[in-house]
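Letter by letter, the chains look like this.
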Amino acid sequence: MINDSELIINADGSIYHLNLLPEDIADTIIFVGDPDRVPLVSRYFDEIEVKKGKREFITHTGTIKGKRLTVISTGIGTDNIDIVLNELDALVNIDFATKTLKPEIKSLDIIRIGTSGSIQGNISMGTVLASDFAIGFDTLMQYYKKPYTEPEVQLQSAVIDHFGDLTFKPYVGRASQKLLEQFAFDLPKGITMTAPGFYGPQGRMVRSQNTYPDLIKKANSFEIFGRHLTNLEMETAGIYALANMFGHHAISINAILASRVNETFSTNPQEVVDKAIRLVLDRL
């Protein structure tokens, strides 16, 4: 039995942060970072049956072409991903009445639709790119024991060797092959770098002196088996690593809005995001 302090249930029976009941979510879930992006997805639903929110976590569940679907805003960063993934897993795999594990473990399909910046000059703004691997430059997974595949171990070792002077150990997560085949069969695929912040942790210097001032240059020059780090954002590695650990399927679809190499930003960011949203919904 799970202690009350480990899994907190609200008075109405909903889970603590997400404010959701088990029946409020579908087996296929879209993640967006921005709460204002939730209605940009659900406006394409044929019907919306659930609208709930607490803090930055806004949830809409409905149907599109007969398929039940949930879209949730996670907020920014892997610290929020820690909350969302753990609470979604509990919603489908823990009996809230007894605080015990259900006899049959369910696997969710999780699709992140997020914005990102390219760190390679040949990836143009407006590209929709799928992450098949992600490297976490945050510390989330130092608190969890995750099984690693051989390709993940090789990638992690290569990143540690290449960056050299890091004071932390990056971790690795991998996309679901099933979801790559469903949603990204014709998309460019890349290795995504996940940072724990937007400014210093992504090599930006507005009015700061950074510990790793050559971060983008080093990221741009990384190579393993002829592949490079392609883009930089703030959630994908956490999503992949926790989904891998829990046995869920996950994929990250990135709307490239900036070029860190060319130091430019998209003039039509909403159009690029909407293109990514429609692509995912069309492939459900």
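Residues numbered from 1 in each chain as written. Predicted model: local features only at pLDDT ≥ 70, side-chain atom pairs only at ≥ 80, totals over all residues. Heavy atoms only, no water.

Burial within strand β13 (residues 249-259) is extensive, with ten of its eleven residues counted as buried. Pairing of strand β7 (residues 109-118) with β13 involves ten bridges; the strand directions are parallel. Following the sheet pairing, Ser116 is matched in β13 by Ile256. Note that β13 and strand β14 (residues 264-265) share two bridges and pair antiparallel. Directly across from Ala258, in β14, lies its bridge partner Phe265. (Buried < 20%, exposed > 50% of the residue type's maximum accessible area, 1.4 Å probe, protein only. Helix = DSSP H or I, 4+ residues; strand = E, 2+ residues; numbered from the N terminus. Pairing = 2+ DSSP bridges.)

As a further point, take the pattern of salt bridges. All chains considered together, the criterion is met by 13 salt bridges. For Lys106, the salt bridge is made with Asp27, and the minimal N-O distance between the two is 3.3 Å. Of this pair, Lys106 sits in the loop between β6 (100-101) and β7 while Asp27 sits in the segment before β1 (28-32); the two residues are 79 residues apart in sequence, bridging distant segments of the chain. Where Arg227 meets Asp132, a salt bridge forms, and the shortest distance between an N and an O atom there is 3.0 Å. Note that Arg227 is positioned in strand β12 (residues 227-233) and Asp132 in strand β8 (residues 128-136), a separation of 95 residues in sequence. Given the relative accessible area of 12%, Asp132 is considered buried. (Salt bridge = Lys/Arg side-chain N within 4 Å of Asp/Glu carboxyl O.)

With that settled, the discussion passes to helix α6 (residues 236-246). The element α6 is extensively covered by neighbouring structure, given that eight of its eleven residues are classed as buried. Among the residues of α6, those classed as buried are Thr236, Ala237, Gly238, Ile239, Tyr240, Ala241, Leu242 and Ala243. The first or second residue beyond α6 is Gly247, which carries a positive phi of 90°.

With that settled, consider the nonpolar core. For soluble globular proteins, nonpolar side chains are generally found buried alongside one another. The biggest cluster of nonpolar side chains holds 60 residues, and the ones touching the most others in it are Ile30, Phe31, Leu88, Ile251 and Ile253. When sequence neighbours within four positions are dropped, the list of residues in contact with Ile251 reads Ile110, Ile111, Arg112, Leu179, Leu180, Phe183, Ala184 and Tyr240. In this structure, Leu155, Ile191, Ile224 and Leu229 belong to the second largest nonpolar core, which totals 21 residues. (Core = buried A, V, L, I, M, F, W, Y, C linked by side-chain atoms within 4.5 Å. Contact = heavy atoms within 4.5 Å.)

On the surface, Phe198, Tyr199 and Val206 cluster together into a nonpolar patch covering about 340 Å² of accessible area. Checked against the element boundaries, Val206 lands in the loop between β10 (189-194) and α5 (215-221). (Patch = residues over 30% accessible without salt bridge, like charges linked within 9 Å, V, L, I, M, F, W, Y side chains within 5 Å. Areas by Shrake-Rupley, 256 points an atom, 1.4 Å probe, with all protein chains shown as cover.)

The next point concerns the layout of surface pockets. Approximately 570 Å³ is the volume attributed to the largest pocket. Forming the walls of the largest pocket are 23 residues, and the residues nearest its centre are Thr115, Ser116, Phe198, Gln202 and Arg204. Where the lining of the largest pocket is concerned, the elements lending two or more residues are β7, β12, β13 and β14. Take the lining of the largest pocket: its biggest share by element is five residues, from β7. Looking at the lining of the largest pocket residue by residue, the classes come out as seven nonpolar, eight polar and eight charged. (1 Å grid on protein atoms, 1.4 Å probe; cavity = no way out; pocket = protein on both sides within 12 Å on 5 of 7 lines; lining within 4 Å. Points joined across faces, edges and corners; volume = space filled by probe spheres on them. Nonpolar A, V, L, I, M, F, W, Y, C, P; charged D, E, K, R; others polar.)

Attention shifts here to helix α3 (residues 150-163). Relative to the 20 Å expected for 14 residues at 1.5 Å per residue, α3 spans 20 Å between its end C-alpha atoms, a close match to the ideal helical length. Among the residues of α3, those classed as buried are Glu152, Leu155, Gln156, Ala158, Val159 and Phe163. Each buried residue of α3 sits inside an arc of 165° when the element is viewed along its axis, so together they form one side. Gly164 lies just past α3 and shows a positive phi near 65°. (Expected span 1.5 Å × (residues − 1). Arc of directions from axis to C-beta.)

Attention shifts here to the side chain of Thr127. Note that Thr127 resides in the loop between β7 and β8. Reaching out from Thr127, the side chain makes a polar contact with the backbone oxygen of Ser124 at a distance of 2.7 Å. When residues no more than four places from it in sequence are discounted, the contact partners of Thr127 are Pro188, Asn254, Ala255, Ile256 and Val272. (Polar contact = N/O pair within 3.5 Å; in protein donor to acceptor, adjacent residues only side chain to side chain.)

If you roll a probe as big as a water molecule over the atoms, it shows you where there is empty space left. All chains considered together, the criterion is met by one cavity of 30 Å³ or more. Taken as a whole, the largest cavity spans an internal volume of roughly 30 Å³. Every element with two or more residues in the lining of the largest cavity is listed here: β1 and β7. For the lining of the largest cavity, the element with the highest residue contribution is β7, accounting for three residues. Along the lines of polarity and charge, the residues of the lining of the largest cavity split into four nonpolar, three polar and two charged.

Our focus in this paragraph is the side chain of Asn80. Position of Asn80 among the secondary structure elements: in helix α2 (residues 78-93). Note on Asn80: relative accessible area 10%, which makes it buried. Ignoring anything within four residues of it in the chain, the contact list for Asn80 reads Glu56, Phe57, Thr74 and Gly75.

The full count for this structure, using the stated rule, is four aromatic pairs. An angle of 75° between the planes, with centres 5.1 Å apart, marks the rings of Phe137 and Phe163 as edge-to-face. Taken as a pair, Phe137 in the loop between β8 and α3 and Phe163 in helix α3 lie far apart in primary sequence, 26 residues in all. Measuring from ring centre to ring centre gives 6.0 Å for Phe137 and Phe168, while their planes differ by 75°; the resulting arrangement is edge-to-face. Of this pair, Phe137 sits in the loop between β8 and α3 while Phe168 sits in the loop between α3 and β9 (171-174), placing them 31 residues apart in sequence. On the basis of relative accessible area, Phe137 is assigned to the buried category, the value being 7%. Note on Phe168: relative accessible area 24%, which makes it partly exposed. (Phe/Tyr/Trp six-rings, centres within 6.5 Å; stacked < 30°, edge-to-face > 60°.)

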